[in-house]
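Close look at the chain arrangement
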Amino acid sequence: MYLNCHTGFSFKYGMLPVKTLFEEARRCGVHKLVLTEINNTASYMEMLRLCNNYRPEKDGLTKFGEQPYLLDIAVGVEFRRGNELLYIAIAKNNSGFEEINRFLSRYNREAKEIPLRAPEFREVYIIYPADKLEPEELRLHEYIGIAHHQLNQFALSPQRKAYPQKFVILHPVTFLPPMRNAQGKLISKDFNAHRLLRSIANNTLLSKLPEREQARIDEYMLPEKELIQKFSQFPELISNTKTLLDACSIECKQGEDKNKKYFNRTKQEDLGYLRAETRKGYTKLYGHNETVWHERIEKELAIIDRKEFTAYYLITYDLINFARREGYEFVGRGSGANSTVAYCLGITNVDPIELNLYFERFLNEERSSPPDFDIDFSWDNRDAIYNYIFERYGSDHVCLLGTHVTYQGRSILRELGKVFGLPKEEIDALVEEPERYGSRDHITELVCQYARYIVDKELPANFSIHAGGVLITEKPIYAYTATELPPKGYPVSHFEMHNAEDFGIYKFDILSQRGLGHIKETIRHVKRNKGITIDINRFQEFKKDEKIKELLRGSRAIGCFYVESPAMRMLLGKLRCDDYLTLVAASSIIRPGVASSGMMRAYIERYHARQNGQTYESIHPKMDELMADTYGVMVYQEDVIKVAHQFAGLTLTEADVLRRGMSGKYRSREEFQRVRERFFACCQERGYEQHVIDRVWLEIESFSGYSFAKGHSASYAVESYQSLYLKAHYPLEFMVGVINNFGGFYRTEFYFHEARMGGAKVEAPCVNHSNYLTTIFDDTIYVGFVHLKSLEAKVAEYIPQERARNGPYTSFDNFLRRVPLGLEQVRILIRLGSFRFTGRNKQRLLWDAMLYFGQAKTHNRNTNELFDTAPKDFPLPELARNELEDIFDEIELLGFPLGDPFRLLKTDDRGNTSARDLATRIGKTVHIIGYMVTVKNTSTKSGQLMNFGTFYDQHGEVFDTVHFPNITAKFPLRGRGFYSIKGTVTEDFGVYTIEVSYVEKLALINKRPEISFQEMP
């Protein structure tokens, strides 16, 4: 009898998680309901999954041993304008659902308001609220909904008897029923939280939220008999509602393949094409040795065929062929790199045979969830890839994969603080230190109480876009979802990744990254600056390159893809890494799960023990056997599958459930909990000691959401080698490539510093040398106009364009007459020294600019002048300029100084040591002055804040610091700038750090007191 049920996916309105709505139906004895989210279809797949999983098996229990319950659903959409309910559309069947999805998607796409009157659907029922239409205006499949509070009015309506078949029960479900508190008072926390979310949605104070903007307090589910009893005087309402409900259904089978079936015309044609193209690549890579073909390729092709995955391979193959034709760099990574067929096709760039990659991590006979390829493209090419996919397969069959953003602690605290009317400074304090300020008064207590309540419910806050997922379906995408059209400009599904996997829709991961961009950019600069054409795909040569090995061993990889962060730099130093296989392992070990569980430490110790011919204590001999190349330490995602299958004896299907369980969201699933119990039971049956079982499980758990497949790490390592090659042989061009791609671990300032340390002369923007982006001539780097924070983009682009068309600017006046810009924009360029080619100082140029624009009324700047005549030169007194003023101009306009920042220090003290001396000061207390590069904030297991700092010294050399909780609390780091640091030098496997005992931020010179490092971005 429930035709209008919401979950939390009615964003900032519904309060029920999908599982909670299911449990409410069980509590109330409801065996069928209609799921109608507000303007979306995001929740129905999860509800269908629950309905399927809780259906009784032959033995009367569910397949997960849970108490079964039969619940069927129909699906629709509640259409609203703002908070005005227009009508509820309920699909009779799948065709009706597609109609609804197309209708909603069209209005999302065109950014138009939903029409007040529903269109004439063919397979859809429409229910209007009682005040919208008269019964005589209704079409065949349209009704008017009557709520319980409207029954008195309905009883007196003459239309009730004239049109008895046109009215149905409309009792919305939006939140949980009220509960009695400890004092016996009925309160509805759900209703209260609903009002808070409505206030957030309307950007208003709770006290000013209009009633029309919120649900009625009685919108909760009642036992079905009780609901029917409320309408017992109106049997026609009950009968009409039951008839409508019985006529509606939705069918969407779990696990049934819904993707594009064939790349060509038939399955046989696809398989033949895949085999032929694989053979071509195989011959190039492995020659005429048939061993790998028979032992690996044939096995993979057979599984690909049986799992009906051929079209997926061929669509991906077609995509990378398009990228090659267009000259787009790409990297195939993820578990797809475990496939030798993918390697032969060129989808991936690592050899699964060389690395002994585990194909079953990607695809196996028992795997129920479809895998996917992750293809990385340069960030500036990805839209072209999207365009190709939409054009190639049709916009009706393609969309991007959606995701759902849930409420997080700090953000919801801030929003609730606004709703309750707290002043900004109190909200800031509460967000930063909720433990301290959360009990300041009854208002802050309410804010914290309801923030926890909303976060604990894991309610979705809004739609977002998956990092790179693209869906290509055989049927129109509208058979499964309506689509959003966010600012990105491509349609996005309402369901998310786990739903897609459950129901047999697998994604293509089309990802973007800055690493490929800086490789491409560096190659272009080397060609222009040195006349050398680089083939970046000589990976086998790169593995032997001594310069690359030297960079790795010395941890001098700033700017290099994935290996530049302080943590990675220290890890590579501890391993003295100089080979590919160690780098592959390091790329996965650095992930938070592996690192935080102590497995990274165990790997380093065992690595050195093996290097020194020593033994180590392992968890169990079987673990050493399964992970021989990582010394018995679980490092990669497939290690979970190996351990679960070969150590514990679980099936490959169960092992893959554990692997998927690394995702925190999937971990709560019934399947994962059952497999967890099976793991412990199977291990006990095999006779393992309990402490061994517990330790192995701890390692599995530590992978939660933060681990790599080995093939993924290997692909990353290949790209790291490409970056390392460019840095080793063309360091200045490489740093320009990194700077121009605006990515990487560090701020742009630090990459300019690295270039300067590499021998570059870094010049401020110059109108006759600089481009929009940074560029290099010989060993001189000119900062691009893009870095001037206040310079308009159109001006930054126009200056080099005009120079390219009509030659260099010959004078300041010549520039002003050729470039359309205002006085303020000219002042920015003058202050940064962009006209230094004129030989005039900044004060004189500012005078000239004022004079020029003061006479602007007599100038017609749109008229071409016949002669380029210089203006009359007026004699001026000598105008002094302090060098430090230039530095502060750079800080203000670029965000950082271009030269040595230590010139800004007020003190001459530089401490008693430097980074290069730390190796000789182990165990001693040192004093060093450092310029902050980056800081990582982290928490101890007890929740205390501590810091890891990276600084560089007066010589420009980097050093690292550790700030334990007591020091972090006593001497907090206060943003960018210079610090006087005292502490003890420690050494760990050849890596030196300073354990800090004292920190003080140092003052700058006082030439321009209005500028400080705190104000720098």
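Residue numbering note: each chain is counted from 1, following its sequence as written. The predicted nature of this model means local features are confined to residues of pLDDT at least 70 and side-chain atom pairs, given and counted, to a pLDDT of 80 or more, with totals for whole chains, interfaces and linings taken over all residues. Remark: hydrogens and water are excluded; side-chain values derive from all non-hydrogen atoms of the structure.

Notes on the overall build of the protein
- Strands here mean DSSP runs of E at least two residues long; helices mean DSSP runs of H or I at least four residues long; both are numbered from the N terminus. What the protein contains, in helices and strands, is 41 helices and 24 strands.
- Projecting the C-alpha coordinates of the protein onto the three principal axes gives extents of approximately 100 × 80 × 65 Å.
- Note on exposure labels: buried denotes an accessible area under 20% of the residue type's maximum, exposed denotes more than 50%, and partly exposed covers the range between, all computed with a 1.4 Å probe on protein chains only. Out of the 1017 residues belonging to the protein, those deemed buried represent 56%.
- Two residues form a contact once any of their heavy atoms are found within 4.5 Å. By sequence separation, contacts in the protein at least 24 residues apart represent 69% of the contacts at least 6 residues apart.
- As used throughout, the charge tally considers Lys and Arg to be positive and Asp and Glu to be negative, leaving His and the chain termini uncounted. The location of each charge is read from NZ of Lys, CZ of Arg, CG of Asp or CD of Glu. The positive charge centre, built from 134 side chains, and the negative charge centre, built from 136, are 2 Å apart in the protein.

What to know about the sheet that holds strand β23 (residues 978-988)
- Any two strands with at least two DSSP-identified bridges between them are counted as paired. Strand order in this closed barrel of five strands is β20-β21-β22-β24-β23, and the pairing throughout is mixed. Strand-to-strand, the axes of this sheet are offset by a mean angle of 50 degrees, without reference to chain direction.
- Axis geometry follows a simple rule: fit a line to the C-alpha atoms, using only the stretch in contact for helices, then measure angles between N-to-C directions, giving values from 0 to 180 degrees. Its contacts with the sheet place helix α35 (residues 748-757) against β20 (925-939), β21 (945-952) and β22 (958-963), and it is angled at close to 35 degrees to β21.

Here's the deal with the pairing of strand β1 (residues 2-5)
- Of the pairings in the sheet, the one linking β1 to strand β2 (residues 32-38) comprises two bridges and is parallel in character. Paired with C5 across the strands is L35, a residue of β2.
- Crossover handedness is defined by viewing with both strands directed away from the observer: a clockwise path from the first strand over the helix to the second marks the crossover as right-handed. Note on the crossover from β1 through helix α1 (residues 18-28) to β2: the handedness is right-handed.

Comments concerning the environment of E995
- By the element assignment, E995 lies in strand β24 (residues 991-1001).
- Along the primary structure E995 and F734 are separated by 261 residues, whereas in three dimensions their C-alpha atoms are 33 Å apart.
- Not counting chain neighbours up to four residues away, the residues in contact with E995 comprise V962, F964, K982, G983, T984 and T986.

A short note on the environment of K530
- In this structure, K530 sits in helix α20 (residues 514-530).
- Once the C-alpha coordinates of K530 and D778 are considered, the two residues, 248 residues apart in sequence, prove to be 7.7 Å apart.
- Ignoring anything within four residues of it in the chain, the contact list for K530 reads H525, Y730 and E733.

Points about helix α18 (residues 442-456)
- The end-to-end C-alpha distance of α18 is 21 Å, a good match for the 21 Å that 15 residues give at a rise of 1.5 Å each.
- Within α18 the residues assigned to the buried category are T444, V447, C448, Y450, A451, Y453 and I454.
- At its buried positions, α18 is contacted by α6 (189-202), α15 (409-419), α16 (424-432) and α17 (434-437).
- Whenever two N or O atoms come within 3.5 Å, that pair is a polar contact, provided that in protein one can donate a hydrogen and the other can accept it, and provided that, for residues adjacent in sequence, both atoms are side-chain atoms. In this structure D441 caps α18, since a side-chain oxygen of it lies 3.0 Å from the backbone nitrogen of I443.
- E458 occupies a position one or two residues after α18 and carries a positive phi of about 55 degrees. Expected span, for any helix, means 1.5 Å times one less than how many residues it has.

Here we look at the pairing of strand β16 (residues 507-513)
- The buried fraction of β16 is high, at six of seven residues.
- Taken together, the five bridges between strand β11 (residues 374-378) and β16 define a ladder with parallel strand orientation. Each bridged residue has a counterpart across the sheet, and for I375 the counterpart in β16 is I510.
- Where strand β13 (residues 460-472) meets β16, three bridges bridge the pair, whose relative direction is antiparallel. Residue pairing in the sheet places G469 in a bridge with D509 of β16.

Considerations on the packing of helix α9 (residues 267-286) against helix α10 (residues 291-306)
- Taken N-terminus to C-terminus, the directions of α9 and α10 make an angle of 155 degrees; their axes are 12 Å apart at the nearest point. The pairing of α9 with α10 is recorded here as roughly antiparallel in orientation. α10 is crossed by α9, and the crossing has right-handed handedness. Each of K267, L271, L274, R275, T278, R279, Y282 and Y286 in α9 lies in contact with α10, whose residues at this interface are T291, V292, W293, I297, E298, L301, I304 and D305.
- Three residue categories are used. Nonpolar comprises Ala, Val, Leu, Ile, Met, Phe, Trp, Tyr, Cys and Pro, charged comprises Asp, Glu, Lys and Arg, and polar comprises the others, including Gly. Here the residues of the contact of α9 with α10 sort into nine nonpolar, two polar and five charged. If an angle is under 35 degrees, it is roughly parallel; if it is over 145, roughly antiparallel; if it lies from 65 to 115, roughly perpendicular; otherwise it is oblique. A crossing counts as left-handed when the near helix is turned anticlockwise from the far one by less than a right angle, and as right-handed when that turn is clockwise.

Brief notes about the side chain of E564
- Relative to the helices and strands, E564 resides in the loop between α22 (546-553) and α23 (566-575).
- Any Lys or Arg side-chain nitrogen found within 4 Å of a carboxyl oxygen on Asp or Glu counts as a salt bridge. Of the side chains bearing the opposite charge, K727 lies closest to the buried E564, which forms no salt bridge; the N-O distance is 7.6 Å.
- In terms of polar contacts, E564 uses its side chain to reach the backbone amide nitrogen of F745, at 2.9 Å.
- In terms of polar contacts, E564 uses its side chain to reach the side chain of Y751, at 2.9 Å.
- Among all residues touching E564, those that are not within four sequence positions of it are A557, I558, G559, G744, F745, Y746 and Y751.

None of the figures reported here should be taken as evidence of function without further support.
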